[in-house]
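# Remarks on the overall topology
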Number of protein chains: 2
Amino acid sequence: MFVAINYIACKAHYKSRFEHLFATRAKAIDRMPGFIRMQVLRPTEEGHEYLIMSNWQNEASFKAWTKSKEFLEGHQRGFKDLKAAKHAGSEPPMTSTFRTYEVIAD
Amino acid sequence: MFVAINYIACKAHYKSRFEHLFATRAKAIDRMPGFIRMQVLRPTEEGHEYLIMSNWQNEASFKAWTKSKEFLEGHQRGFKDLKAAKHAGSEPPMTSTFRTYEVIAD
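Presented here is a report on the structure given in the accompanying data block. (Residues numbered from 1 in each chain as written. Chains lettered and ligands numbered in written order. Predicted model: local features only at pLDDT ≥ 70, side-chain atom pairs only at ≥ 80, totals over all residues.)

Another aspect to go through is the overall build of chain A. A tally of helices and strands in chain A yields three helices and four strands. The secondary structure elements of chain A, listed N-terminal to C-terminal, are β-α-β-β-α-α-β. Here the C-alpha radius of gyration of chain A, 14 Å, is about what a compact globule of 106 residues would show, namely 13 Å. Each principal axis of the C-alpha atoms in chain A carries an extent, and together these give about 40 × 35 × 20 Å. (Helix = DSSP H or I, 4+ residues; strand = E, 2+ residues; numbered from the N terminus. Rg over C-alpha atoms; globule rule 2.2 N^0.38 Å.)

What follows is the structure, encoded as structure tokens:
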């Protein structure tokens, strides 16, 4: 099983908006071939990163998702917030580090 | 849902042993009340950390596990390796960073 994790450092003022985006997500990813599940993890300690984790049957399924129209649609609101900050000359409300994994035991 | 993640930086010479420990784990954790699942994630890129992740119904279930005799039994071989390295005056074969999370969307 293939796992993709986006580690998100979220500015304090953006946290409620960030959480709202996932609470009201379109769930387009759930219908992608090879999708197993996704979870958004909120750190229990201040200053740590959120994790957006998705589990896939294999890497190819994940890559197909990142190239799909559903991916763009699903990220539309977040991308818009990032663009708005850039346009206003503000720091981005969130920054991300992306890493991938193979499940070797469960 | 509560999630505990141990981020493990593993020395190159210890990786096969580390993976073996999980491939042959006792599965005592699977029988603990409140346990949902666990996964061990191997990074796809050299130099990144392994993730040992466990999902629980709540934090109390997780804490009960860390105080159980099953926890000590389950970690016996890894703890032994760490002690042996310390005794030999070597660097530890693995180091860990522990973080906890709440699932806010799935």
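A few words on the relation of the copies chain B and chain A. Note on the copies: chain B fits chain A at an RMSD of 0.0 Å, the axial shift is 0.0 Å, and the rotation between them is 180°. Viewed as a symmetry operation, the transformation between the two copies matches a two-fold axis. With an isologous cut-off of 70% or more, the 100% of interface residues of chain B that recur at the interface of chain A puts this contact in the isologous class. (Least-squares fit on C-alpha atoms with pLDDT ≥ 70 in both. Contact = placed C-beta atoms within 7 Å.)

Bringing the environment of A:Ser68 into the picture now. Relative to the helices and strands, A:Ser68 is located in the loop between helix H2 (59-66) and helix H3 (69-87). Each C-alpha atom, one on A:Ser68 and one on A:Leu82, is 20 Å from the other, the two residues being 14 residues apart in sequence.

Taken together, the 23 residues of chain B in the interface contact 23 residues of chain A. Elements represented by at least two residues in the side of chain B that touches chain A include exactly helix H1 (15-23), strand S2 (35-43) and strand S4 (94-105) of chain B. When its residues are assigned to classes, the side of chain B that touches chain A shows twelve nonpolar, four polar and seven charged. With four bridges connecting them, strand S4 (residues 94-105) of chain A and S2(B) associate as antiparallel partners. From the neighbouring strand, A:Ala105 faces S2(B), where its bridge partner is B:Val40. (Nonpolar A, V, L, I, M, F, W, Y, C, P; charged D, E, K, R; others polar. Pairing = 2+ DSSP bridges.)

Strand order in the closed barrel formed by eight strands is S1(A)-S3(A)-S2(A)-S4(B)-S1(B)-S3(B)-S2(B)-S4(A), and the pairing between neighbours is antiparallel. Going from strand to strand, the sheet's axes swing by 35° on average, the running direction of each strand aside. Note: S2(B) against strand S3 (residues 50-56) of chain B, six bridges, orientation antiparallel. When the bridges of S3(B) are listed, B:Phe35 appears paired with B:Trp56. The strands that helix H1 (residues 15-23) of chain A touches are strand S1 (2-10), strand S2 (35-43) and S4 of chain A together with S4 of chain B; relative to S4(B), the one it contacts most, it runs at about 70°. Strands in contact with helix H2 (residues 59-66) of chain B are strand S1 (2-10), S2 and S3 of chain B; relative to S1(B), the strand with the most contacts, it is inclined by about 45°. (Axes fitted to C-alpha atoms, helices over the stretch in contact; angles between N-to-C directions.)

Time to look at the pairing of S1(B). Pairing of S1(B) with S3(B) involves seven bridges; the strand directions are antiparallel. Its bridge partner being in S3(B), B:Phe2 is matched across the sheet by B:Trp56.

The subject of this paragraph is the nonpolar core. Ranked by internal contacts, the top residues of the largest apolar core, which has 30 residues, are A:Val3, A:Leu41, B:Val3 and B:Leu41. Contributing elements (two or more residues each) for this core: S1, S2, strand S3 (50-56) and S4 of chain A together with S1, S2, S3 and S4 of chain B. Look past the residues within four positions of A:Leu41 in its chain and what remains in contact with it is A:Tyr50, A:Leu51, A:Met53, B:Val3, B:Tyr101 and B:Val103. (Core = buried A, V, L, I, M, F, W, Y, C linked by C-beta atoms within 7 Å. Buried ≥ 20, exposed ≤ 12 C-beta atoms within 10 Å, placed from the backbone.)

That is the geometry; function is a separate question.
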